[in-house]
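# An overview of the molecular structure
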Protein chains: 2
Amino acid sequence: MAGIDDVARLAGVSTATVSRALSGRGHVSPASKAKVEEAAARLGYVVSSSASSLASGRTRNVGVVVPFLNRWFFSSVLEGVQQALLRTGYDLTLYNLAGDGDERATVFEQFLLRRRVDAVIAISLELTEAEVNRLHELGKPLVGVGGPIPGVRTLIIDDVAVARLATEHLLGLGHRRIAHIGGDLEFDLDFHLPTNRRLGYEAALRDAGIEPDPARFAPADFTIRGGYHAAKQLLGAPHDRPTAIFAASDEMAIGSILAARDLGMVVPRDVSIIGVDDHDLSDFFGLTTVAQFPRVQGEQAVELLMDELEPGHADAEPSATPLPFELRVRSSTARPAE
Amino acid sequence: MAGIDDVARLAGVSTATVSRALSGRGHVSPASKAKVEEAAARLGYVVSSSASSLASGRTRNVGVVVPFLNRWFFSSVLEGVQQALLRTGYDLTLYNLAGDGDERATVFEQFLLRRRVDAVIAISLELTEAEVNRLHELGKPLVGVGGPIPGVRTLIIDDVAVARLATEHLLGLGHRRIAHIGGDLEFDLDFHLPTNRRLGYEAALRDAGIEPDPARFAPADFTIRGGYHAAKQLLGAPHDRPTAIFAASDEMAIGSILAARDLGMVVPRDVSIIGVDDHDLSDFFGLTTVAQFPRVQGEQAVELLMDELEPGHADAEPSATPLPFELRVRSSTARPAE
DNA sequence: ATGAAAGCGCTAACAC
DNA sequence: GTGTTAGCGCTTTCAT
């Protein structure tokens, strides 16, 4: 295993020059730079990350904390993060907080603090002030995606606006009896997102002169199955059955489509359905949705981080960068039947 | 930021004792161990992983290489790996080989070799001999899950037997015209798994005295949409329409169920459908399937690794540990109609 | 632009 | 069982 001295010897320069040439920090003449690079290639030299980290205090590694791995949204964000990081030459250490609270404490107290990472990206996670502070004390930049984290740079989607857009699409088509499938309480605890979507939905309704009816709301757990059961409930109403459903996620919307079919209804003739996400499956189901772009969100989080990590260090103020979203009309929504 | 000396001073012992007490390597009297632990806790001391790695040569970090992140199977294995690793006190550095070949080369030449990881877990990836050798030279243990990697400890599922079991379930119910949806060529290149499943399907058929009919095979890409289109093809046959479909994955099987419905068929009355995986959604769709247990597979991979990483180091020989699978009969299969 | 050398914060012989 | 100490392989002043 070739070391930096081997490279230095072969290139006929000092180890300091090798270090500078390879890391890009400090000035090196083009000539020696070339020599060093050739020598390194010849020897198959790669820096030892531990030695480099120990000496420099930088690890070129970022910790990514996610609440779930096997949900479309999270794995997509993760994919974006991973790719952006790889391009930047950073490694990604993954922490899945799926388990109990114990696990969470371990991750924070033992893992993140081992000085193994330069920074942390938290995906759809609401960190406690204590957790944020701990990271701050250590001088580790933190950026959040999705979850609102006080005092931290965050990428957030305007869930109220998203919900409003979806609801207005339905209103625009002429629907008046619009039901909503949102998150259940448990979900809301961590993400607040369902509440915001419900708020947007209600606001749009009121603006159209419609008073939201609690009977037209059903909670679910963001899965297809959950959406299915919620939709059956909603669509089974004997009087004034809703002519449209706005589900707070595409998976729940897909569940709703299946529920409608099982009830013998035809979408969108008998009921219009709209979701949020633009999930992999949405196109297949012809689902109209408000698309968000999780991969891009992951990439943006990395960019934000690099601003803080790399030289210029604008001492990034806490801020909330809004994320784009977009209505994608497919075949699950239409004017209500007369 | 407290260092090991601070702890040593506070505990009234040497740094060596602190190191021993905290790492569990070497003997320390219970008394000093207690003192050290208390001091460490008081100071909020956590070892610097880079210093520790540099001095010891161990990183307590394993690299995990996956081809996809947003597919149920992979994210489930990953979840198992992550959890097992966390319990063992190891970190997990994630490499997603989603992109082009370039990315793959970078990961191998730059990242894995930076001596950042003690070992590598490859999920459903067929590594080249060169890649395996590179890792071997560096003395990094490697275990594979799913993909057959020559000369490496691997956890593999007996795909031939899985397919045979699924097909025999159908045969046992009395089906004779059984179609198969398998992987397309592109998929096969990397995983070989579709071929094996097709082999098992054909073997079961032959054992029952039925000659496999190429017209009853349709390739797809392991997605719901792919399964949907393949099933439509199969079920649209004007003569001798199959009475059952064995799909090589649950997602394709679910696509088949949807296709059957769209053709006005009732499952299982008009056609029986069986898959492989026991995907999250399978229970919801009442899909009969041959379950495999990806989370457990991930955990097992970690166990295998620890055998090599921890003291006893039995110099683990290449071997292929078989993975369990199990028939789960639900409501998508039944006797064929007369 | 380059080199010499002093660490970075631990671990592991080795000596007691 | 515990302390002393020499590195681990780099990066980064500080000179030049």
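Residues numbered from 1 in each chain as written. Chains lettered and ligands numbered in written order. Predicted model: local features only at pLDDT ≥ 70, side-chain atom pairs only at ≥ 80, totals over all residues. Heavy atoms only, no water.

## What to know about the interface of chain B and chain A
Rule in force here: Contacts: residue pairs with any heavy atoms within 4.5 Å of one another. In short, buried area is how much 1.4 Å probe accessible area vanishes from two parts on joining, totalled over both. Any carboxyl oxygen of Asp or Glu within 4 Å of a side-chain nitrogen of Lys or Arg constitutes a salt bridge here. Pairs of N or O atoms within 3.5 Å make up the polar contacts considered here, provided that, within protein, one atom can donate a hydrogen while the other can accept it, and that residues adjacent in sequence are counted only when both atoms are side-chain atoms.
Taken together, the 51 residues of chain B in the interface contact 51 residues of chain A. Summed over both partners, the interface of chain B with chain A comes to about 4,900 Å²; 57% of that surface belongs to carbon and sulfur atoms. Put simply, chain B and chain A have four salt bridges between them. Across the pair A:Asp283 and B:Arg225 runs a salt bridge whose closest N-O atoms are separated by 3.2 Å. Linking chain B with chain A are 13 residue pairs in polar contact (both at pLDDT 80 or more).

## A word on the sheet that holds strand β10 (residues 288–291) of chain A
Residues and elements named next belong to chain A. The test is simple: The criterion for strand pairing is that DSSP finds at least two bridges linking the strands in question. Numbered from the N terminus, helices here are DSSP runs of H or I no shorter than four residues, and strands are runs of E no shorter than two. An axis is simply a line fitted to the C-alpha atoms; with a helix, the fit covers only the stretch in contact. Between two such axes, the angle follows the N-to-C directions and lies from 0 to 180 degrees.
Pairing within the open sheet is mixed, and its six strands lie in the order β7-β6-β8-β9-β10-β12. A single partner strand is all that each edge strand has here, and the edge strands are β7 (217–220) and β12 (326–328). This sheet shows a mean twist of 20° between the axes of neighbouring strands, independent of strand direction. Note that strand β6 (residues 178–183) and β7 share four bridges and pair parallel. From the neighbouring strand, glycine 182 faces β7, where its bridge partner is proline 219.

## Concerning the protein's contact with DNA strand C
What counts, and what does not: Whether a residue is near a molecule or strand is decided by its heavy atoms; if any one of them lies within 4 Å of it, the residue is near. Ten residue types, Ala, Val, Leu, Ile, Met, Phe, Trp, Tyr, Cys and Pro, are classed as nonpolar, four, Asp, Glu, Lys and Arg, as charged, and the remainder, Gly among them, as polar.
With respect to spatial proximity, 24 residues lie near DNA strand C, and among them A:Thr17, A:Ser29, A:Ser32, B:Ser19 and B:Arg58 are the closest. Sugar and phosphate atoms constitute 68% of the interface atoms of DNA strand C, taking the interface as everything within 4 Å of the protein. One nitrogen or oxygen atom from the side chain of A:Thr17 is found 2.7 Å from a phosphate oxygen belonging to DNA strand C. Contacts to DNA strand C include A:Ser32, whose side-chain N or O atom sits 2.6 Å from a phosphate oxygen. Elements that contribute at least two residues to the surface near DNA strand C include exactly α2 (15–23) and α4 (49–56) of chain A together with α2 (15–23) and α4 (49–56) of chain B. Among the elements that line the surface near DNA strand C, the one with the most residues is α4(B), at four residues. Its residues assigned to classes, the surface near DNA strand C comprises ten nonpolar, ten polar and four charged.

## Describing helix α12 (residues 250–262) of chain A
Residues and elements named next belong to chain A. Definition in use: Helix span, expected: 1.5 Å multiplied by one less than the number of residues in the helix. Burial status follows relative accessibility: with a 1.4 Å probe on protein chains alone, a residue under 20% of its type maximum counts as buried, one over 50% as exposed, and anything between as partly exposed.
Between its first and last C-alpha, α12 extends 18 Å over 13 residues, near the 18 Å set by a 1.5 Å rise per residue. For α12, the tally of buried residues reaches eleven of 13 residues, placing the bulk of the element in the interior. For α12, every residue scored as buried is listed here: Asp250, Glu251, Met252, Ala253, Ile254, Gly255, Ser256, Ile257, Leu258, Ala259 and Ala260. Where α12 ends, the next residue or the one after it, glycine 264, has phi of about 80°, a positive value.

## Side note on the side chain of A:Asp277
Residues and elements named next belong to chain A. In plain terms, the rule: Just so you know, the count uses Lys and Arg for positive and Asp and Glu for negative, and it drops His and the chain ends.
Tracing the chain through its elements places aspartate 277 in strand β9 (residues 272–277). As a buried residue without a salt bridge, aspartate 277 has its nearest oppositely charged side chain in arginine 197, at a separation of 4.9 Å. A distance of 2.8 Å separates polar atoms of two side chains, one belonging to aspartate 277 and the other to glutamine 292. Look past the residues within four positions of aspartate 277 in its chain and what remains in contact with it is Trp72, Ser249, Asp250, Thr289, Val290, Ala291 and Gln292.

## Structural notes on the protein's contact with DNA strand D
Taken together, 25 residues sit near DNA strand D, with A:Ser19, A:Arg58, B:Thr17, B:Ser29 and B:Ser32 positioned nearest. Here the atoms of DNA strand D within 4 Å of the protein split so that 63% fall in sugar or phosphate, with bases taking the remainder. Here A:Ala51 contributes a backbone N or O atom positioned 3.4 Å from a base nitrogen of DNA strand D. The side chain of A:Arg58 places a nitrogen or oxygen atom 2.5 Å from a phosphate oxygen of DNA strand D. It is α4(A) that provides the largest number of residues to the surface near DNA strand D, a total of four residues.

## A closer look at the nonpolar core
Quick reminder of the rule: Nonpolar cores are built from buried Ala, Val, Leu, Ile, Met, Phe, Trp, Tyr and Cys residues. Side-chain atoms within 4.5 Å join them into one set.
Counting residues in hydrophobic clusters, the biggest one holds 86 residues, and the most contacted among them are A:Val64, A:Leu94, A:Ile121, B:Val64, B:Leu94 and B:Ile121. Excluding residues within four positions of it along the chain, A:Val64 makes contact with A:Leu78, A:Val81, A:Leu92, A:Thr93, A:Leu94, A:Tyr95, A:Ile121 and A:Ile123.

## Overview of the relation of the copies chain B and chain A
Where we set the bar: In this comparison the copies share one frame, found by least squares on the C-alpha atoms of residues holding pLDDT of at least 70 in both.
Superposing chain B onto chain A takes a rotation of 180° combined with a translation of 0.1 Å along the rotation axis, leaving an RMSD of 0.1 Å. The transformation relating the two chain copies, once decomposed into turn and shift, fits a two-fold axis. In this assembly, 100% of the residues forming the interface of chain B have copies in chain A that are likewise at the interface, indicating an isologous arrangement.

## Looking at the domain arrangement of chain A
We count it as follows: Boundaries of every domain are those given by an automatic assignment or by a domain database.
Taken as a whole, chain A is organised into domain 1 (4–47), domain 2 (59–157 + 294–322) and domain 3 (159–291). For domain 1 of chain A versus domain 2 of chain A, the separation of C-alpha centres amounts to 33 Å.

## Observations concerning the packing of helix α1 (residues 4–11) of chain B against helix α3 (residues 30–43) of chain B
Residues and elements named next belong to chain B. Operational definition: To sort the angles, those under 35 degrees are grouped as roughly parallel, those over 145 as roughly antiparallel, those from 65 to 115 as roughly perpendicular, and the leftovers as oblique. For any pair of crossing helices, the crossing counts as left-handed if the nearer helix is rotated counterclockwise from the farther one by less than a right angle, and right-handed if it is rotated clockwise.
One can describe the packing of α1 onto α3 by two numbers: an axis separation of 9 Å at closest approach and a directional angle of 125°. Relative to α3, α1 is oriented oblique. α1 and α3 meet at a crossing whose hand is right-handed. Of the residues in α3, those touching α1 at Asp6, Val7, Leu10 and Ala11 are Lys35, Val36, Ala39, Ala40, Arg42 and Leu43.

## Some points on the sheet that holds strand β7 (residues 217–220) of chain B
Residues and elements named next belong to chain B. Read across the open sheet, the six strands follow the order β7-β6-β8-β9-β10-β12; overall the sheet is mixed. The open sheet is flanked by β7 and β12 (326–328), the only strands paired with a single partner. Neighbour-to-neighbour, the strand axes of the sheet open up by a mean angle of 20°, direction not taken into account.

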